[in-house]
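# Analysis of the macromolecular model
Each chain is listed here by its residues.
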Amino acid sequence: EISACLVGSEMCIRDRSVGFLWNDAFIEGNKFGFGIGTAETHRDDSGYDDPLAWEAFYDFKVNDSVTVTPAIFVIEKDGKEDVKGGLVKTTFKF
């Protein structure tokens, strides 16, 4: 649990999360990761009575200088359409 409170204020943020990372996933040098946790910063937003977020990624080496990381994420909303997204990160090493 991560907690952050403003000094002299009743406002606090408490997040809970767990994540897993698998090194050498499927091929040596690649990684697979998954995380799930509360999305407490959305608790006061409409439709987020019990917010939950998760993400997954696969980090694979194209060669010694280039790594590509596709990822997906979801923030679940109560009784409404979830917020979903994806990204692709490319890292170049010189």
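Below or above, wherever it landed, is the structure these notes cover. Every residue gets a number counted from 1 within its own chain, in the order that chain's sequence is written. Owing to the predicted nature of the model, reporting of local features is limited to residues with pLDDT of at least 70; listing and counting of side-chain atom pairs is limited to 80 or more, with chain, interface and lining totals taken over all residues. Each side-chain value is worked out from all heavy atoms of the structure, with water and hydrogens disregarded.

This paragraph deals with the overall build of the protein. The helix and strand labels rest on DSSP assignments: H or I over at least four residues marks a helix, E over at least two residues marks a strand, and numbering proceeds from the N terminus. Scanning the protein from terminus to terminus reveals 0 helices and 7 strands. Whether a residue is buried, partly exposed or exposed follows from its accessible area with a 1.4 Å probe, protein chains only, as a fraction of its type maximum: under 20%, in between, or over 50%, in that order. When each of the 94 residues of the protein is scored for burial, the buried share is 21%. In this description, contact between two residues means that some pair of their heavy atoms is separated by no more than 4.5 Å. Across the protein, every contact between residues at least 6 apart in sequence was considered, and the portion connecting residues at least 24 apart equals 27%. For the protein, the accessible area works out to roughly 7,000 Å², and carbon and sulfur atoms hold 57% of it. Note on areas: these come from Shrake-Rupley sampling with a 1.4 Å probe, and a residue is covered only by the protein chains present in the view.

Pairing between strands requires that DSSP locate at least two bridges from one strand to the other. Pairing analysis gives 10 bridges linking strand 6 (residues 66–76) to strand 7 (residues 83–92), with the strands arranged antiparallel. Bridge assignment links Thr67 to a residue of strand 7, and that residue is Thr91. Counting the residues in the hairpin turn of strand 6 and strand 7 gives 6 residues, including Gly79, whose phi is positive at 70 degrees.

Take a nonpolar patch on the surface next. Together, Val18, Phe20, Trp22, Phe26, Ile27, Phe32, Phe34 and Ile36 make up an exposed nonpolar region whose accessible area comes to about 800 Å². Listing elements by their share of the nonpolar patch, those giving two or more residues are strand 3 (17–23) and strand 4 (31–38). Structurally, the position occupied by Trp22 is in strand 3. Here, patches come from residues exposed beyond 30% relative accessible area and free of salt bridges, joined within 9 Å for like charges and within 5 Å for nonpolar side chains (Val, Leu, Ile, Met, Phe, Trp, Tyr). Salt-bridge detection follows one rule: a side-chain nitrogen of Lys or Arg within 4 Å of a carboxyl oxygen of Asp or Glu.

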